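# Summary of structural features
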Amino acid sequence: MAALETGVERKADVVSLQQPPSEKEGVGICHPAYDIRIKKRFCTAVRRRSGFATNKWTDFSKNTLSDLIVVDIKRRGDNMTRIVNI
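Quick summary incoming for the structure in this document.

Quick notes on the rules
Residues numbered from 1 in each chain as written. Predicted model: local features only at pLDDT ≥ 70, side-chain atom pairs only at ≥ 80, totals over all residues. Heavy atoms only, no water. Helix = DSSP H or I, 4+ residues; strand = E, 2+ residues; numbered from the N terminus. Buried < 20%, exposed > 50% of the residue type's maximum accessible area, 1.4 Å probe, protein only. Contact = heavy atoms within 4.5 Å. Areas by Shrake-Rupley, 256 points an atom, 1.4 Å probe, with all protein chains shown as cover. Core = buried A, V, L, I, M, F, W, Y, C linked by side-chain atoms within 4.5 Å. Salt bridge = Lys/Arg side-chain N within 4 Å of Asp/Glu carboxyl O.

A few words on the overall build of the protein. Helix and strand counts for the protein stand at one helix and six strands. Starting at the N terminus and ending at the C terminus, the protein contains elements arranged as α-β-β-β-β-β-β. Looking at the protein as a whole, 31% of its 86 residues are labelled buried. Considering only intrachain contacts with a sequence separation of at least 6, the fraction spanning at least 24 residues in the protein is 39%. For the protein, the exposed area adds up to about 5,900 Å²; of that, 49% sits on carbon and sulfur atoms.

What follows is about the nonpolar core. Within the largest apolar cluster, eight residues are counted, these being Leu4, Val15, Leu17, Ile29, Tyr34, Ile36, Cys43 and Ala45. Elements supplying a minimum of two residues to this core: strand E1 (14-18), strand E2 (34-39) and strand E3 (42-47). With six residues, the next largest nonpolar core counts Phe42, Val46, Val71 and Ile73 among its residues.

A side chain of one charge can pair with a side chain of the opposite charge when the charged atoms of the two come close. For the structure shown, the criterion picks out four salt bridges. The salt bridge involving Asp35 is made with Arg48; its shortest N-O contact spans 2.8 Å. Of this pair, Asp35 sits in strand E2 while Arg48 sits in the loop between E3 and strand E4 (53-57), and the two are 13 residues apart along the sequence. Taking relative accessible area as the criterion, Asp35 reaches 33% and is therefore assigned partly exposed. A relative accessible area of 45% places Arg48 in the partly exposed class. The partner of Arg82 in a salt bridge is Asp72, with the nearest N and O atoms 2.8 Å apart. Of the two residues, Arg82 is situated in strand E6 (residues 81-85) and Asp72 in strand E5 (residues 69-74); the sequence distance between them amounts to ten residues. Connected through salt bridges with shared partners, the residues Asp13, Arg47 and Arg75 form a single ionic network.

These figures come from the coordinates and say nothing about function on their own.
Dropping the structure here:
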């Protein structure tokens, strides 16, 4: 996927995508440089060698908030950063 390749070229640790192609359309999302969290209409990709540990929060994404994905990222010794993709 071109957006993830651009992320690699620009050394982006995190890439958020809106309206990514879906497996229903016959297109899956994967990239060897990124761990990808997918939720319906968007995804968050965290670079594998960035040193970030990730945690997907699913309790925020129930019922009426189904268009919400929350991912916490943290490097050892750093503060946690919460990424909210709506």
